[in-house]
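# Tertiary structure, described
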Amino acid sequence: MLAFGIRYLNGFAAACEPHERQPERERPEWPPHPARVFMALAAAHFQTGEDPDERRALEWLESLPAPSLRAPEHVPRAVVTHYVPVNDKPGNKTKPPTAVIQSVPQLARDRQPRTFARTWPDEDVVYLVWPEAVPQEPVARALTQLCAKVTRIGHSMSLVQMWMATSEEAGEPTWIPDEERAEIHLRVPSAGLLADLERRYNQVAVEAYAALLVAAEDGNAKTRRAAKRRLSEEFGGEPPPRLRPQVPFYQGYARPVAAESPKETPGTVFSPHLVVFRLERESGPYQALSLRTVATVTTRWREALVSQCNDMPDRVREIVSGHHRDGAPLEAPHLAFLPLAFVGHPHADGHLLGMGIVLPQQLTLDERRQVLRVLARVSQLRLGALGAWRLDREAGGRPPWNLRPEAWTAHPDGATHWSTVTPVAFDRHPKAKDRGEYQREVAEMIAAACAAVGLPRPREVVVTAVSAHLGVPPAHVFPRLARKDGSERRHAHAILVFDEPVRGPVLIGAGRYRGYGVARPMWPSGSQGEGGKS
């Protein structure tokens, strides 16, 4: 086994997720990406003499599969703007500087806005673990030497101590490579990364250019002329390019789970592995959004996602939008929204804690990865009178019960009793006039809706105005969904009873892709879920 231990000496990590390097979208990187750790090792190698043994060790390291991580929980700091001094520059008589160096007033030193994304981990040590990797003695010695040279990971204020750790010290991982259940994606090294970093840094040309600059200023007249001629001929008077490192490979990570039941539990056409987001208020009159606003939230979120996937393949755009390229509705399952509300507790009030993204079961790993990339592009929802809300990917190890996928899917064991949290929108208007006939017709419609998403036919369907889950508003409080002709769909809550346990997510009815018709398991009293957990 190979393991690296990393201790954050200041108690915080300062590093920004690369794809978030946009104004107002920065957020700290946590856990540290394996590729960032690799680049810190590479920097130590290049800055300390480029020992050939170290290079061979790094080339061996980049050929390994993605490591597991043991990273503690963390608390990200809000990203604020700091105004810091930048490089000295000559003053401009026509545009007096706003700040000067008092000892050298001819030099200007303006302050520029900068942001430093930071996060505070609960513990100061992180481990990267390759369970199957066993380095040979020269490689292990070179890696130990390299670890001792690493002083920072991320920003220069993010000081670390790094070492080769033992298996007992590293313990059990908290994140393991798993594309199918991936909750987060981290950059990982791959073969050839070290050579690419070297090429992008362009060290030989940069050092030659710097030496010529010195010679052009400080040498004798003949040397200065020669240096200036070479600067013009070899570099065109411009410094050689130095490119930022680019790591194209991402690996999906998920939290480890207990071994799944060998029995195959019937499920739906949707994957039980939800992608969970917290809803955090940024502005607006409400401290929390009611479950009744789910249609507004999903409509706005879907519009934002569709606008962000124009550069994606047709198949990914269809999954996100739910429509073919010609505008026709997609018959196959596609992306759906699942409201994660505070329900099922004596004090539950039904407010939205977050939202889950439900993906079709049959997506390929590459399609899932691309859809997740689209999801990462939308971090804020502007909901008009409801205010602005930030979408934060839930990646903590101790989320509230209602933000855990198993609370809504009963995966992997399943459940026999389910009750809706948002009403089931009817596929058509019931025609029965008699109340009893009406109930039977609606129950039959809901049973057919279960079959439409791959579930077995329920033994019993109870059509009701209220949900069996505490905190859920009655059906009449929810706004009705509109049909294409402008008319409104009727809806109702329902309780579903199956002969055998089924697993979710259970999304049924005409509004199943828009957050309506979401059913949640009814846990037996005193068992997992109901009561005591929020």
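Note: the structure precedes this text.
What counts as what
Residues numbered from 1 in each chain as written. Predicted model: local features only at pLDDT ≥ 70, side-chain atom pairs only at ≥ 80, totals over all residues. Heavy atoms only, no water. Pairing = 2+ DSSP bridges. Helix = DSSP H or I, 4+ residues; strand = E, 2+ residues; numbered from the N terminus. Contact = heavy atoms within 4.5 Å. Axes fitted to C-alpha atoms, helices over the stretch in contact; angles between N-to-C directions. Salt bridge = Lys/Arg side-chain N within 4 Å of Asp/Glu carboxyl O. Buried < 20%, exposed > 50% of the residue type's maximum accessible area, 1.4 Å probe, protein only. Expected span 1.5 Å × (residues − 1).

## Regarding the sheet that holds strand 14 (residues 184–187)
In space, the three strands of this open sheet follow the order 13-15-14, with antiparallel pairing throughout. In this open sheet, the two edge strands, each paired with only one partner strand, are strand 13 (176–177) and strand 14. Of the strands in this sheet, strand 14 and strand 15 (250–254) are in contact with helix 1 (residues 34–47), which crosses strand 14 at around 15°.

## Let's talk about the pattern of salt bridges
Summed over the entire model, instances satisfying the criterion amount to 23 salt bridges. A salt bridge links Asp 196 to Arg 199, with the shortest nitrogen-to-oxygen separation between them at 2.7 Å. Taken together, the residues Asp 196 and Arg 199, both in helix 5 (residues 193–201) and three residues apart, mark about one turn of the helix. Residues Arg 200 and Asp 196 are paired through a salt bridge, measuring 3.3 Å at the closest nitrogen-oxygen approach. Highlighted residues: Arg 200 and Asp 196, both in helix 5, separated by four residues, approximately one helical turn. Residues joined in a network through salt bridges with shared partners are Glu 29, Arg 36 and Arg 187.

## Describing the pairing of strand 18 (residues 352–358)
Burial analysis of strand 18 places seven of its seven residues in the buried class, which makes it a mostly covered element. With four bridges joining them, strand 16 (residues 275–283) and strand 18 adopt antiparallel strand pairing. Bridged to Arg 278 within strand 18 is Gly 354. Bridging between strand 17 (residues 336–341) and strand 18 involves six bridges; their strand directions are antiparallel. For Pro 339, the partnering residue across the bridge sits in strand 18 and is Met 355.

## Regarding helix 3 (residues 137–149)
Since the α-helix turns once every 3.6 residues, residues separated by three or four places project in the same direction. The end-to-end C-alpha distance of helix 3, which contains 13 residues, comes to 19 Å, matching closely the 18 Å that a straight helix rising 1.5 Å per residue would cover. On the buried face of helix 3, the contacting elements are strand 1 (2–8), helix 1, helix 2 (52–62) and strand 12 (160–164).

## A look at the pairing of strand 11 (residues 125–130)
Two faces, one strand: in a regular strand the side chains alternate between the faces of the sheet. Of all the six residues making up strand 11, six are buried; the element is thus mostly covered by neighbouring parts of the structure. Residues Val 125, Tyr 127 and Val 129 line one face of strand 11 and the alternating positions Val 126, Leu 128 and Trp 130 line the opposite face, and both faces are buried. Here strand 1 pairs with strand 11 via six bridges, running antiparallel. Pairing of Phe 4 across the sheet is with Leu 128, part of strand 11. The sheet contact formed by strand 3 (residues 68–70) and strand 11 spans three bridges and is antiparallel. Looking at strand 11, one finds that Arg 70 is bridged to Tyr 127.

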